[in-house]
Amino acid sequence: MINKIKICLCHPKYIGVYFKDNIWKPLLSVFIGFVIMFFVLGILCSNTTFFEHSDVKSITNTLYYQEECDSIYDSNTKKMTGSSKLYTGEDFIVGFFQDKVEIDLYNYYINFSEKYIDLYVYGVKIGKIEYEKVIDKSFSMSNVQKGKLTDTFIFEEMIENVFLEVEGNQKIVSFFSNAISIVIYYLVVLVTVFIFSYYVNPSIEGKIRIRLCLYDTLIFFVIVSLSFMFRAMWLQYISMIVPAIFSFITFSHIIKIEKKV
């Protein structure tokens, strides 16, 4: 088994010797590849801090030099009151009492309603937080816009607490969004390799071809896992090219297989 993995990852010209393998063997190899890759991705997501203090300052800065916001939070009633306002930054939207906003193109969208703060990332809602969980002091958004220190400090402390509340949810969302993307990339790679192999050597039987193509794509999981480990996302582009190269090497070294009469 170890020798087969070594050949599939390092010597693609010899992959053809496994043309008699049962289809479950390459499928099992692909499954193990996914398991290892998702394990690495899980470690990466769990050790990544998605929200920084700079994000808090960016939200505050978005409110400066904008139309005055009349929203006020009262710590006694634990409610925010005010009128509907919307402020757009470079990478996010800050809304007050908004029902629906186009948010797909923004990293963050944070909306303040009467009792809750809603946070969206890339259009996905990752948190609905009650004010009493993240703040216990009253403040005025108008004073925040004017740069008054007390209100600004309270507002930024609240935003930091919101980020802490949803950090775990963001890790989960990031894991599954990346996992889904990688599965789609793999399917594209597999189909591409399968079609490309026909141009390299059209004489191979279909069942044999798919087995060898599955083995050729195992290198995909290694490169993608390395891209997660070293945070080198450009390697993912390489991972979509190398299996095609392996396919070319594999199928160009296979002579036509004739059926016995």
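See the structure shown above.
A brief report on the enclosed structure follows. (Residues numbered from 1 in each chain as written. Predicted model: local features only at pLDDT ≥ 70, side-chain atom pairs only at ≥ 80, totals over all residues. Heavy atoms only, no water.)

## Quick notes on a nonpolar patch on the surface
No. 1: Taken together, I172, F176, I180, I184, Y185, V188, M240, I241 and I245 make up a surface patch of nonpolar side chains, about 820 Å² in accessible area.
No. 2: Tallying contributions element by element places helix α6 (residues 149-200) first for the nonpolar patch, with six residues.
No. 3: With respect to the helices and strands, I241 occurs in the loop between α9 (235-239) and α10 (242-252).
No. 4: Of the residues examined, I241 reaches a relative accessible area of 49% and is grouped as partly exposed. (Patch = residues over 30% accessible without salt bridge, like charges linked within 9 Å, V, L, I, M, F, W, Y side chains within 5 Å. Areas by Shrake-Rupley, 256 points an atom, 1.4 Å probe, with all protein chains shown as cover. Salt bridge = Lys/Arg side-chain N within 4 Å of Asp/Glu carboxyl O. Helix = DSSP H or I, 4+ residues; strand = E, 2+ residues; numbered from the N terminus. Buried < 20%, exposed > 50% of the residue type's maximum accessible area, 1.4 Å probe, protein only.)

## Considerations on the pattern of salt bridges
No. 1: One pass over the full model with this rule turns up seven salt bridges.
No. 2: With a closest N to O distance of 3.0 Å, K57 and E156 form a salt bridge. Here the residue K57 occupies a position in helix α3 (residues 53-63), and E156 occupies one in helix α6, the gap between them amounting to 99 residues.
No. 3: Note on K57: relative accessible area 34%, which makes it partly exposed.
No. 4: A salt bridge links E114 to K79, with the nearest nitrogen and oxygen atoms 3.9 Å apart. Of this pair, E114 sits in the loop between β5 (108-112) and β6 (116-121) while K79 sits in strand β2 (residues 79-81), and the two are 35 residues apart along the sequence.
No. 5: On the basis of relative accessibility, which here comes to 38%, the residue E114 falls in the partly exposed class.
No. 6: For K79, a relative accessible area of 31% gives the class partly exposed.

## Observations regarding unusual backbone geometry
No. 1: In the Ramachandran plot, Y65 falls in the positive-phi region, its phi being about 55° despite a non-glycine side chain.
No. 2: Within the fold, Y65 resides in the loop between α3 and β1 (72-74).
No. 3: Given the relative accessible area of 84%, Y65 is considered exposed.
No. 4: Positive phi outside glycine occurs at Y122, with the angle close to 50°.
No. 5: Topologically, Y122 is positioned in the loop between β6 and β7 (124-130).
No. 6: You can call Y122 exposed: its relative accessible area is 55%.

## Some details on the nonpolar core
No. 1: V94, F96, F112, F139, F155, M158 and I159 are the most contacted members of the largest nonpolar core, which has 32 residues in total.
No. 2: Secondary-structure elements contributing two or more residues to this core are α3, β4 (92-96), β5, β6, β7, α4 (131-134), α5 (141-145) and α6.
No. 3: Among the elements that line this core, the one with the most residues is α6, at seven residues.
No. 4: Those residues in contact with F139 that lie beyond four places of it in its chain are I72, Y73, M80, V144, D151, I154, F155 and M158.
No. 5: Residues V40, C45, C213 and F221 belong to the second largest nonpolar core, which totals 30 residues. (Core = buried A, V, L, I, M, F, W, Y, C linked by side-chain atoms within 4.5 Å. Contact = heavy atoms within 4.5 Å.)

## Things to note about the pairing of strand β3 (residues 85-88)
No. 1: Side-chain alternation along β3 places K85 and Y87 on a buried face and L86 and T88 on a face that remains uncovered.
No. 2: Pairing geometry for β3 and β4, over four bridges, is antiparallel. Bridged to T88 within β4 is I93.
No. 3: Here β3 folds back onto β4, and the loop between the two strands holds three residues. (Pairing = 2+ DSSP bridges.)

## Some words on the packing of aromatic side chains
No. 1: Scanning the entire structure with this criterion turns up 22 aromatic pairs.
No. 2: Taken together, a centroid distance of 6.1 Å and an interplanar angle of 85° make the contact between Y87 and F96 edge-to-face.
No. 3: On the basis of relative accessibility, which here comes to 2%, the residue Y87 falls in the buried class.
No. 4: Grouping aromatic residues by their ring pairs yields a cluster made of F34, F38, F175, F176, Y186, F220 and F221.
No. 5: Seen from the ring of Y116, K128 lies directly overhead, with NZ or CZ sitting 4.5 Å from the centre.
No. 6: Its end group placed over the ring of Y198, R209 keeps NZ or CZ at 3.9 Å from the ring centre. (Phe/Tyr/Trp six-rings, centres within 6.5 Å; stacked < 30°, edge-to-face > 60°. Lys NZ or Arg CZ within 6 Å of the ring centre and 35° of its normal.)

## Describing the side chain of K85
No. 1: Take K85: it is sitting in strand β3.
No. 2: Excluding anything up to four places from it in sequence, K85 contacts E67, E68, C69, V94, G95, F96 and Q98.

## A few points about the sheet that holds β2
No. 1: Strand order in this open sheet of three strands is β2-β1-β8, and the pairing throughout is antiparallel. Since the sheet does not close on itself, it has two edges, and those belong to β2 and β8 (139-140), each with one partner.
No. 2: Pairing analysis gives two bridges linking β1 to β8, with the strands arranged antiparallel. Paired with I72 across the bridge in β8 is S140.

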